[in-house]
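Here's the letter readout for the chains.
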Amino acid sequence: MRIKRFFVAAALLITSAVAVMAQEMPPIPIDDQVRIGKLDNGLTYYIRHNEYPEHVANFYIAQRVGSIQEEESQRGLAHFLEHMAFNGSENFPGNGIIDFTRGLGVEFGSDLNAYTSIDQTVYRVCNVPTKRITAVDSCLLILKDWSNGLLLQEEEIVKERDVVHNEWRMGESASQRIITRALPKLYPGSKYGERMPIGLMSVIDSFKPKTLMDYYHKWYRPDNQALIIVGDVDVDHIEAEIKRLFSGIKVAPDAAKVVAEEVPDNAEPIFVFEKDKEMPMNQLMVMMKTDATPEEEKSSMAYLIQDYLINVISSMFNSRFSEMTEDPECPFVQAFGDYGQYLLSKTKDNMEFIAVPKEGKDLEALKAIIRETRRVSQFGFTATEYERAKSDYLASLEKSYTNRDKRKNDEFGNAYRDHFLSNEPIPSLDYLYQTMNSIVPMLPIEIVNQVLPELIADNDSNLVVMDWAREAEGLVYPTEADMQKAVAEARAEQLQAYVDNVKDEPLILPEKMPKMGKIKKETSNATLGYKELTLSNGATVLLKKTDFKDDEVRLQAFAKGGKSLYGPADYNNLKVFDEIIGFSGIGNFSSNELQKALAGKNCNADATLGLTRQYITANSTPKDLETMFQMMYLYFTNINKDEKMVSNLMTQLELALKNKNLQPQAVFSDSITNTIYCHNPRFANIQAEDLKDISYDRILEIAKDRFKNAGQFTFVITGNFDEAAIRPLIEQYVASLPGKKGKGDNFKDVRTFATGKVVNNFTIKTDSPNAMSYLIWSAPMEYNLENDVKLDAVGQILSQIYLATIREEESAAYTCGAQGSFDLSASQPLARLFCITQGNPEKNARAVELLYKGIKDNSVKIDTDALNKVKEYMLKQIDVDAKTNGYWINTLTKWKDYGLDFYTDYKKVVSGLTAQSLQEFLQKLMAAGNQIECIMMPEPKEADK
Ligand SMILES: [Zn+2]
């Protein structure tokens, strides 16, 4: 019962004022904007009206059952059942649910989906248009069918066996194999060790329909279910409909109870070591188990305090780990700590640490983790570390509070799900904000430090250590005794307290403040709703004020040139440019000092290089706008060398790249990239041996070169800024940047996209039996709104067809789809259509045949029904997208960069799409004669030959 003590300790130690407050305060109140009810049969519902965004709603049904409820003969059936929910129900026979929702512009896979985990199964239909009440009512009917109207017909079950088997094959990977082997050891004596939701293929391939039926009727019952409806709906109407549809469902008096599966404590430590030939790098985990907070205690104030303490403790651990990696002697390249659910089981929590050890340093990394937890436990965190963690917490609370009127439907949906499944509190943001702002200042560092020993075990009780490693000849692996010894040695060490070095100065010193420039000219564009400023240094600024999110301002600056201007000697430098600049410092600050200096601020900036353009991207809350501008200013003028951080980055890259070819995905990705770009080394993915040619100095030189003339740049700024306040910031930090007007750089045409018919089919040795296939068509084509819309629509129509034929009808692959996009990285725009499948090698030939057939058939005749559904989706989606700042950054960038307005006529162009026009478009795309086929097959095993 360690967590109990953690609670009591926290409550007792709190200064008397808070203690009194916490005791006297009533339980955390439930937000009064949600209507919660329960029918006589036990069905719970949550309904909330939310107009952000308008005219759409989300529908969920959450079940508090999953794979842990399965009998041995049912292993995998909780998940199988979830698949069957889309394959025929009382009101929606066959593919009825998918077909019907697609007609509403709801896409299967993204907006219509479900998941099965060990203790919950959740279905959802999201972004349903609500203007037609019949659409809303039909979605309630879908929930009704899911709750107890599945048909589970034998012929559908037979078809789905292959689909699920393919899904298992897809997930087959080094970590999947390792987890499956490790779980029984991590959960000795518990069902958790043997209930991975994907289950046993022996069961999937041969279970009797009745076994599935048994699970369904035993567990899918109103008393285990909650309906959640959030969005632009009439709450009274929804409630009445729920009562009408669901009240008649009966629960047998002797129905089985959902019983929590306990996880036994372990007095002796558990050491788990697992290896796999396709594991690219090792991973070390240290877990200290505690009892989970009982659900009935989660509505108390103490739970909010606990949540806060966990938040700041994890954040302080992570800052220390990140700082440690600056030291070349540090045995890991990355490490994280967090508190939460112990792996799969919500009946147990843990303080968990994950590290990626440097090669051969697994035991050293284990010692380092134990050492740091002990240091923290013995000496506590420092007051300055706590100040930063606390201000980060409060800043993030402030950010959500600022945006409280614009919370998305899924944010509520997830919160209500967690309330139903685990009694997580759902107070209003007003309450949370007021309460935490009054409590946090009363929680000094001493309290945080005194609860630490409750979270960090300094003994063997409930300790779990897990090491996952790459299997290869000649490698030496730690034994259980070695791990035990490492832990013991780390525990015997004499430790010293941590010293927090903080740079106490502003990002830009007053004497270094640039001389302000001027806004010289100003125009406005009514169609796209922005103001355009011309600055004294030649830079152009587009300002579009929006009210989509109250807590967000975004900036993107771009200019032509990019990587295309540099030759072969720099290819490898260009490949890691973004990462290295990201790990560098700015101004007087090293990367780590910058992290510390940004505590309590919500803003960020990055400098990156595309093939033909260079970019600065940044974001901020309205409050931290000036800091964002300062960071942006420093990326233009003063990126500084941070050797320590970059050397850690290089070690990370080396570790990641050295064995990347053990992963079939990586091999395929390299191969397809080389095929697409005709083996041009400029475009090849980076390899471990390329790292030796990288020059940090040269990268900084390139950065300087690319960002030397701000006069060439266009800055697009959208979001919730105050115009009067942003103008002086623009004059101070943008107009002051070095720059001069003029034509400036252009990019070079360096793209080498394959033409003609190209085939690259090959096999690899692997334990993951997946085939992967890519077919790509390309054609030079004018880039304009019409062609862009057509290319997008064609990809979506083909995706629908592939899903129906390849995945559902023939179970030839689990993943399949198509996507069209323009390549704009040279003067000649290129329309490209990608068609992909991934799945069963035995059926791959058929899957590829169907990919070709889909294209060919559709160039002759496009199915009007499929087309109409895609149009419906695109028309609905644009309304959603056009209410995001990201959409406007892109749209205004295209407008300034290409002179193309992708917004104004978008709906007109989509509405005007006809089967005829798309058939012709596909014919044109195919007529160019550029087609790539790239197929990777696993080599047959010796035994199969
Ligand atoms: Zn699945």
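Owing to the predicted nature of the structure, the values given are computational and were not obtained by experimental measurement.

**Some words on the overall build of the protein chain**
Here is step 1 of the chain: Broken down by element type, the protein chain carries 31 helices and 25 strands.
Here is step 2 of the chain: A compact globule built from 945 residues would reach a C-alpha radius of gyration of about 30 Å, and the protein chain, at 29 Å, matches this within 12%.
Here is step 3 of the chain: The principal-axis extent of the C-alpha atoms belonging to the protein chain is close to 80 × 70 × 65 Å.
Here is step 4 of the chain: A burial count over the protein chain gives 58% of its 945 residues as buried.
Here is step 5 of the chain: Intrachain contacts of the protein chain at a sequence separation of at least 6 include 85% that bridge at least 24 residues.
Here is step 6 of the chain: In the protein chain, which carries 108 positive and 135 negative side-chain charges, the distance between the mean positions of the two groups comes to 4 Å.

**Re the nonpolar core**
Here is step 1 of the chain: In terms of nonpolar packing, the biggest core is built from 64 residues, with Phe629, Met632, Phe715, Ile717 and Ile730 touching the most fellow members.
Here is step 2 of the chain: Ranked by residues supplied to this core, first place goes to helix H21 (residues 625–637) with nine residues.
Here is step 3 of the chain: Beyond its immediate sequence surroundings of up to four residues, Phe629 is in contact with Leu555, Ile717, Ile726, Leu729, Ile730, Tyr733 and Val734.

**Things to note about the confidence of the model for the protein chain**
Keep in mind that low pLDDT regions are not for reading the predicted coordinates in detail.
Here is step 1 of the chain: Model confidence for the protein chain is summarised by a mean pLDDT of 94, while 97% of its residues fall at 70 or above.
Here is step 2 of the chain: Contacts for the low-pLDDT stretch residues 1–16, under 50 throughout, to residues beyond four places or in other chains number 38 contacts.

**Quick word on the environment of Ile616**
Here is step 1 of the chain: Within the secondary structure, Ile616 is located in strand E18 (residues 613–620).
Here is step 2 of the chain: Judged by its relative accessible area of 0%, Ile616 is buried.
Here is step 3 of the chain: In this structure the C-alpha to C-alpha distance between Ile616 and Tyr633, which are 17 residues apart in sequence, comes to 9.8 Å.
Here is step 4 of the chain: Ignoring anything within four residues of it in the chain, the contact list for Ile616 reads Leu555, Gln556, Ala557, Asp606, Ala607, Met632, Tyr635, Phe636 and Phe707.

**As for the pairing of strand E24 (residues 830–839)**
Here is step 1 of the chain: The element E24 is largely enclosed, with a buried count of nine among its ten residues.
Here is step 2 of the chain: In the sheet, strand E22 (residues 771–780) pairs with E24 via ten bridges, with the strands oriented antiparallel. When the bridges of E24 are listed, Ser773 appears paired with Thr837.
Here is step 3 of the chain: Pairing of strand E23 (residues 815–823) with E24, which is carried by nine bridges, proceeds in the antiparallel orientation. Bridge pairing links Ser821 to Arg832 in E24.

**Regarding the coordination of the zinc ion**
Each donor-metal-donor angle in an ideal tetrahedron of four donors is 109.5 degrees, and each such angle in an ideal octahedron of six donors is either 90 or 180 degrees.
Here is step 1 of the chain: Within the protein, the zinc ion binds to His79 (NE2), His83 (NE2), Glu167 (OE) and Glu167 (OE); these donor distances fall in the range 2.0 to 2.6 Å.
Here is step 2 of the chain: Taken together, the four donor atoms surrounding the zinc ion define angles of 55 to 141 degrees at the centre, an arrangement classified as irregular.
Here is step 3 of the chain: Each donor residue of the zinc ion belongs to the same chain, with the gaps between them written as H-x3-H-x83-E. Within this pair, His79 and its partner His83 are both found in helix H3 (residues 77–84), separated by four residues, close to a single helical turn. Neither residue differs from the other here; His79 and His83 are each classed as buried.

**A closer look at the pattern of salt bridges**
Here is step 1 of the chain: Counted under the stated rule, the structure contains 67 salt bridges.
Here is step 2 of the chain: Here Glu241 ties to Arg244 by a salt bridge, and the two come within 3.0 Å at their closest N and O atoms. Of this pair, Glu241 and Arg244 both sit in helix H10 (residues 235–246), three residues apart, which is roughly one turn of the helix.
Here is step 3 of the chain: The class of Arg244 is exposed, set by a relative accessible area of 59%.
Here is step 4 of the chain: Here Arg706 and Asp705 are joined by a salt bridge, their closest N and O atoms 3.5 Å apart.
Here is step 5 of the chain: Taking relative accessible area as the criterion, Asp705 reaches 27% and is therefore assigned partly exposed.
Here is step 6 of the chain: Residues participating in the shared-partner salt-bridge network are Arg35, Asp236, Glu239 and Lys243.

**Regarding helix H22 (residues 643–658)**
Here is step 1 of the chain: With 16 residues, H22 extends 22 Å between its outermost C-alpha atoms, agreeing within 8% with the 22 Å of an ideal straight helix rising 1.5 Å per residue.
Here is step 2 of the chain: Among the residues of H22, those classed as buried are Met645, Val646, Asn648, Leu649, Met650, Gln652, Leu653, Leu655 and Leu657.
Here is step 3 of the chain: For H22, the elements touching its buried residues are strand E9 (332–342), strand E10 (345–357), helix H19 (577–582), helix H20 (591–597) and helix H24 (696–706).

**A word on the packing of helix H13 (residues 383–402) against helix H15 (residues 429–439)**
A pair of packed helices is captured by two measures, namely the crossing angle of their axes and the spacing between those axes.
Here is step 1 of the chain: Between H13 and H15, the shortest axis-to-axis distance is 10 Å and the interhelical angle comes to 155 degrees. When the axis of H13 is compared with that of H15, the two are roughly antiparallel. Considering how the two elements wind past one another, H13 and H15 form a crossing that is left-handed. Here Tyr393, Leu394, Leu397, Glu398, Ser400 and Tyr401 of H13 come into contact with H15, specifically with Leu429, Asp430, Leu432, Tyr433, Gln434, Met436 and Asn437.
Here is step 2 of the chain: Taken together, the residues that form the contact of H13 with H15 break down as eight nonpolar, three polar and two charged.

**Quick look at the side chain of Asp232**
Here is step 1 of the chain: Relative to the elements of secondary structure, Asp232 occurs in the loop between strand E6 (225–231) and H10.
Here is step 2 of the chain: Despite its burial, Asp232 pairs with no opposite charge; the closest candidate is Lys131, at 8.6 Å N-O.
Here is step 3 of the chain: Leaving out residues up to four positions away in the same chain, Asp232 has contacts with His49, Asn50, Glu51, Glu54, His55, Val56, Ala57 and Thr130.

**Quick notes on the sheet that holds E22**
Here is step 1 of the chain: The sheet built from five strands is open, its strands ordered E21-E25-E22-E24-E23 with mixed pairing. The sheet is open, and its two edges are formed by strand E21 (757–764) and E23, each paired on a single side. In this sheet, neighbouring strand axes are inclined to one another by 10 degrees on average, regardless of whether the strands run parallel or antiparallel.
Here is step 2 of the chain: Where E21 and strand E25 (residues 930–938) come together, eight bridges link them in parallel fashion. Residue pairing across strands places Val758 opposite Ile932, the latter belonging to E25.
Here is step 3 of the chain: Set on the sheet, helix H31 (residues 915–927) makes contact with E22 and E24; between it and E22 the angle comes to about 95 degrees.

So, how was this worked out
Residues numbered from 1 in each chain as written. Predicted model: local features only at pLDDT ≥ 70, side-chain atom pairs only at ≥ 80, totals over all residues. Heavy atoms only, no water. Helix = DSSP H or I, 4+ residues; strand = E, 2+ residues; numbered from the N terminus. Rg over C-alpha atoms; globule rule 2.2 N^0.38 Å. Buried < 20%, exposed > 50% of the residue type's maximum accessible area, 1.4 Å probe, protein only. Contact = heavy atoms within 4.5 Å. Lys, Arg positive; Asp, Glu negative; His and termini not counted. Charge placed at Lys NZ, Arg CZ, Asp CG, Glu CD. Core = buried A, V, L, I, M, F, W, Y, C linked by side-chain atoms within 4.5 Å. pLDDT = per-residue confidence, 0-100. Pairing = 2+ DSSP bridges. Donors = N, O, S within 2.8 Å, 3.2 Å for Na, K, Ca; no water. Tetrahedral: all angles 85-135°; square planar, octahedral: opposite > 155°, others 65-115°. Salt bridge = Lys/Arg side-chain N within 4 Å of Asp/Glu carboxyl O. Expected span 1.5 Å × (residues − 1). Axes fitted to C-alpha atoms, helices over the stretch in contact; angles between N-to-C directions. Parallel < 35°, antiparallel > 145°, perpendicular 65-115°, else oblique. Left-handed = near helix turned anticlockwise from the far one by under 90°. Nonpolar A, V, L, I, M, F, W, Y, C, P; charged D, E, K, R; others polar.

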